[in-house]
Amino acid sequence: MCANRLLATFLKMSVGLGIILILVRRFSISLDSFWDGLEIPTCVTMACALPMFAMPIVSVNRWKLFLLKVGVREQIRTLWKINFVSTFQGLILPSTQGVDAFRMYHIARRHPECVGGAAGSVLIERMIGMLVWCGIALVGLPLVLRHVETKWSIALAVIGFSVAAVVGSLLVVSPQFHHLYAGQRPKMKVLAKVIGFLDKTHEALVTFPYRKVLLSSIGLIVVYQFCSITCVWLLFNAYGVSLPLYMHMAFYPGIAIIAMMPVTIGGFGVREGAFAYFYSLVGVPAEVSVCVSVANYVVLSLLPAALGGMLWIMDILSSGKC
């Protein structure tokens, strides 16, 4: 089992590095361009402030709302800490959403009396957030189509991932889909425990009162997503590319959803390829798009992860486990 996991991790890292190497050779990207291309460093500073201050405030309050609806009460300070520590620990997992797996683990561990609801709150939050991403992309799409020649490519990409997200969400919350395996437990104890956890978590997704929480949470979700889009907008400006905000509204949600696919570690390579493709449709050089993609990953993931790593180490030292 351990050997299989190591092999899978190695393959995902290899795929990510392979995609990066292809992009580097195809578009003659150099490491110097990452630093030399910066024209407005203050934009980078402003971008860094979003995931360290504004976005965590919105995120923990949003998560608290979902937890309350499944009967879990938790302090804002604890949720803030779980978010940062999980961002650090999630760096080793495939896709950009490895953080969610650790958030589910930590919150479920703190609330064993409501394991399914606690863990399910993370998936519910992510699912609604993904649908909001699609809504934002569809709002920005008509404005983008007025300014580009490759209309069909953009329209098909945006509408395609939006339809897929809606269909996938409806399937997940369908009671019929849950009933396919609900209550079934294999003889192997470890597998039975995993299936049981998935069963309870899925049940929370099916029975969650979406209508009651949607009105109170939709504002926080939209603000959080716009913070992410603003971060990308600031980083493009830092590299001297000034695009209207609505173009990022149409492009970045698709990039974010594509990067969720568990193909490479942290979505590395897949995300850069998506950046290069989407922004090439409006004439942005691939070299710039890849630099912005890497910078965006550093700002949105590695910077919060650094703080999460320090908090995790402090916990280990204070508990005497080392």
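Presented here is an overview of the structure given in this document.

What counts and how
Residues numbered from 1 in each chain as written. Predicted model: local features only at pLDDT ≥ 70, side-chain atom pairs only at ≥ 80, totals over all residues. Heavy atoms only, no water. Helix = DSSP H or I, 4+ residues; strand = E, 2+ residues; numbered from the N terminus. Contact = heavy atoms within 4.5 Å. Areas by Shrake-Rupley, 256 points an atom, 1.4 Å probe, with all protein chains shown as cover. Axes fitted to C-alpha atoms, helices over the stretch in contact; angles between N-to-C directions. Left-handed = near helix turned anticlockwise from the far one by under 90°. Nonpolar A, V, L, I, M, F, W, Y, C, P; charged D, E, K, R; others polar. Expected span 1.5 Å × (residues − 1). Bend = angle between axes of the 7 residues up to and from the residue. Buried < 20%, exposed > 50% of the residue type's maximum accessible area, 1.4 Å probe, protein only. Patch = residues over 30% accessible without salt bridge, like charges linked within 9 Å, V, L, I, M, F, W, Y side chains within 5 Å. Salt bridge = Lys/Arg side-chain N within 4 Å of Asp/Glu carboxyl O. Phe/Tyr/Trp six-rings, centres within 6.5 Å; stacked < 30°, edge-to-face > 60°. Lys NZ or Arg CZ within 6 Å of the ring centre and 35° of its normal. Core = buried A, V, L, I, M, F, W, Y, C linked by side-chain atoms within 4.5 Å. Arc of directions from axis to C-beta. Polar contact = N/O pair within 3.5 Å; in protein donor to acceptor, adjacent residues only side chain to side chain.

## What about the overall build of the chain?
Right, on to step 1. Each helix and strand counted, the chain has 13 helices and zero strands in total.
Right, on to step 2. Contacts spanning at least 24 positions in sequence make up 73% of the contacts within the chain whose residues lie at least 6 apart.
Right, on to step 3. Carbon and sulfur atoms make up 70% of the accessible area of the chain, which amounts to about 16500 Å² in all.

## Quick word on the packing of helix H6 (residues 115-145) against helix H10 (residues 210-238)
Right, on to step 1. Two elements in contact, H6 and H10, have axes whose closest approach is 9 Å; the angle formed by their N-to-C orientations is 60°. For the pair H6 and H10, the crossing hand works out as right-handed. When H6 is examined against H10, the residues Ile124, Met127, Ile128, Gly129, Val132, Trp133 and Ile136 are found in contact with a partner set consisting of Tyr210, Leu214, Ile218, Ile221, Val222, Gln225, Phe226, Ser228 and Ile229.
Right, on to step 2. In terms of residue class, the contact of H6 with H10 is built from 13 nonpolar, three polar and no charged.

## Points about helix H13 (residues 286-319)
Right, on to step 1. Between its terminal C-alpha atoms H13 stretches 47 Å, which fits the 50 Å expected from 34 residues at 1.5 Å a residue.
Right, on to step 2. At Val298, H13 is deflected by roughly 35°, the largest bend along its length.

## Concerning the environment of Val148
Right, on to step 1. Tracing the backbone shows Val148 in the loop between H6 and helix H7 (151-172).
Right, on to step 2. Exposure remark for Val148: the relative accessible area of 6% places this residue in the buried category.
Right, on to step 3. Separated by 133 residues in sequence, Val148 and Leu281 have C-alpha atoms that sit 7.2 Å apart.
Right, on to step 4. Contact partners of Val148, with chain neighbours within four places excluded, come to Ile154, Leu281 and Val282.

## Some thoughts on a nonpolar patch on the surface
Right, on to step 1. Together, Met188, Val190, Leu191, Val194 and Leu198 give the surface a local cluster of nonpolar side chains, amounting to about 470 Å² of exposed area.
Right, on to step 2. Looking at Leu198, the relative accessible area reads 43%, which means it is partly exposed.

## Examining the environment of Ile255
Right, on to step 1. Tracing the backbone shows Ile255 in helix H11 (residues 245-259).
Right, on to step 2. The class for Ile255 is buried, based on a relative accessible area of 1%.
Right, on to step 3. C-alpha of Ile255 to C-alpha of Ala276: the two residues are 21 residues apart in sequence and 10.0 Å apart in space.
Right, on to step 4. Every residue in contact with Ile255, bar those within four places of it in the chain, is listed here: Arg271, Ala274, Phe275, Phe278 and Tyr279.

## Examining the packing of aromatic side chains
Right, on to step 1. Counted according to the given criterion, the structure contains twelve aromatic pairs.
Right, on to step 2. Look at Phe208 and Tyr210: their rings are 5.1 Å apart centre to centre, the planes differ by 70°, and that puts the pair in the edge-to-face class. The exposure classification of Phe208 matches that of Tyr210, with both residues buried.
Right, on to step 3. Between Phe251 and Phe278 the ring centres are 5.9 Å apart and the planes differ by 40°, which places this aromatic pair in the tilted class. Remark: Phe278 occurs in helix H12 (residues 270-280) and Phe251 occurs in helix H11; sequence separation between them is 27 residues. This pair shows no difference in class: Phe251 is buried, exactly as Phe278 is.
Right, on to step 4. Ring-pair connections join several aromatic residues into one group, and the members of that group are Trp133, Phe236, Phe251, Tyr252, Phe275, Tyr277, Phe278 and Tyr279.
Right, on to step 5. Positioned over the ring face of Trp63 is Arg103, at 4.2 Å from the centre of the ring.

## Some remarks on the pattern of salt bridges
Right, on to step 1. For the coordinates displayed, the defined rule picks out eight salt bridges.
Right, on to step 2. Connected through salt bridges with shared partners, the residues Arg62, Asp100, Arg103, Glu125 and Arg126 form a single ionic network.

## Section: the nonpolar core
Right, on to step 1. Ranked by size, the top nonpolar core spans 73 residues in total, and within it Val144, Ile154, Phe236, Phe251, Tyr252, Phe275 and Tyr279 carry the most contacts.
Right, on to step 2. The biggest single contributor to this core is H6, with 14 residues.
Right, on to step 3. Ignoring any residue separated from it by four or fewer positions in sequence, one finds Phe275 in contact with Val232, Phe236, Tyr252, Ile255, Ser280, Ser289, Val292, Ser293 and Asn296.

## A closer look at H7
Owing to its 3.6 residues per turn, the α-helix brings residues three or four apart onto one side.
Right, on to step 1. End to end, H7 covers 32 Å across 22 residues, agreeing with the expected 32 Å (1.5 Å per residue, within 8%).
Right, on to step 2. Listed in full, the buried residues belonging to H7 are Ile154, Ala155, Val158, Phe161, Ser162, Ala165 and Ser169. Within H7, the buried residues cover an arc of 155° as seen down the axis, which keeps them to one side. With respect to the buried face of H7, the exposed residues turned more than 90 degrees away are Trp152, Leu156, Val167 and Leu170.
Right, on to step 3. Packing partners of the buried residues in H7 comprise H6 and H11.

## Structural notes on the side chain of Gln225
Right, on to step 1. The residue Gln225 is located in helix H10 in this model.
Right, on to step 2. For Gln225, a relative accessible area of 4% translates into the label buried.
Right, on to step 3. Separated by 2.8 Å, the side chain of Gln225 and the backbone oxygen of Gly129 make a polar contact.
Right, on to step 4. When sequence neighbours within four positions are dropped, the list of residues in contact with Gln225 reads Gly129, Val132, Trp133 and Ile136.

## Quick word on the side chain of Glu125
Right, on to step 1. Within the element layout of this structure, Glu125 appears in helix H6.
Right, on to step 2. Among the polar contacts made by the side chain of Glu125, one reaches the side chain of Arg62 at a distance of 2.6 Å.
Right, on to step 3. Aside from chain neighbours lying at most four places away, what touches Glu125 is Ser59, Arg62, Trp63, Phe66 and Arg103.

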